[in-house]
Amino acid sequence: MESQLGLLEKSFNARYSVWVREVLDEMPDSFTITDPYICSAGRGLLSSSLTLSLGRIKQSFVLTDPHLPDMPIVYASDAFLKLTGYARHEVLGHNCRFLSGVDTDFSSIFQIKESIRTEQACTVRILNYRKDRSSFWNLLHISPVRNASGKIAYYVGVQIDESCKSQDKHGLSPEMMQRGAVGAVKVAVRSLSIGAGTSES
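Predicted model, so just to flag it, every value in this text is computed and none were measured.

A. Structural context of helix α6 (residues 106–117). Over its twelve residues, α6 runs 16 Å from end to end, which matches the ideal 16 Å to within 8%, given 1.5 Å per residue. Every buried residue of α6 is accounted for by S108, I112 and S115. End-on, the buried residues of α6 take up no more than an arc of 65 degrees, which puts them together on one face. Away from the buried face of α6 by more than 90 degrees, exposed residues F106, K113 and R117 are located. Looking at the buried residues of α6, the elements they touch are β3 (122–129) and β4 (135–146). Following α6 by one or two positions, E119 adopts a phi angle in the positive range, close to 60 degrees.

B. Structural detail: the nonpolar core. Formed by 18 residues in total, the largest nonpolar core has its most connected members in L46, L54, F61, L63, Y154, V156 and V185. Of all the elements in the fold, those that place two or more residues in this core are α3 (48–55), β1 (61–64), β2 (73–76), β5 (152–161) and α7 (174–200). By residue number, the principal contributor to this core is α7, which donates five residues. Every residue in contact with V185, bar those within four places of it in the chain, is listed here: L54, I57, F61, L63, V145 and V156. In this structure, V62, I73, V91 and L92 belong to the second largest nonpolar core, which totals ten residues.

Basis of the calculations
Residues numbered from 1 in each chain as written. Predicted model: local features only at pLDDT ≥ 70, side-chain atom pairs only at ≥ 80, totals over all residues. Heavy atoms only, no water. Helix = DSSP H or I, 4+ residues; strand = E, 2+ residues; numbered from the N terminus. Expected span 1.5 Å × (residues − 1). Buried < 20%, exposed > 50% of the residue type's maximum accessible area, 1.4 Å probe, protein only. Arc of directions from axis to C-beta. Contact = heavy atoms within 4.5 Å. Core = buried A, V, L, I, M, F, W, Y, C linked by side-chain atoms within 4.5 Å.

Put into structure tokens, the structure is as follows:
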């Protein structure tokens, strides 16, 4: 009896999640909703050791999972939260499209979608919006992150506010900062997947 109830609960939660996502997609950009199930959807998907490793990266970035419906954010750095004004629970479990707004160029969004479809890295300059709806030009770099077996595990998106790009205290170019962040994420994911493979054998 308990197993049947468990299956019913899982089925309900899955349908509820899809329904709420569809409702959110149809809402205007100015409307905000906080749903505990959706907002926590990204939690618990990353191991604590990976989360700890990612937390050491100071750049603004998010990690999304292409294997989950709507490719939600499963990790957001503190710098990303500071840049966008959102709290962690407001972004986890959501697709990155909430950063787009009325003046965001559709061709930039199309370029991002194409890079994901073809499993290639890309860099775009895109107009994004913070939680307070103020806009900023985002120098966005997206790259697939492969695990130790070579399969894509995540996509990483590294953001640089164009108005602050010349303020790096180490004199690094935006491209170098983005490459450094992507490299650090890839090392963290591969190290974890190698360790998981070793522990399973």
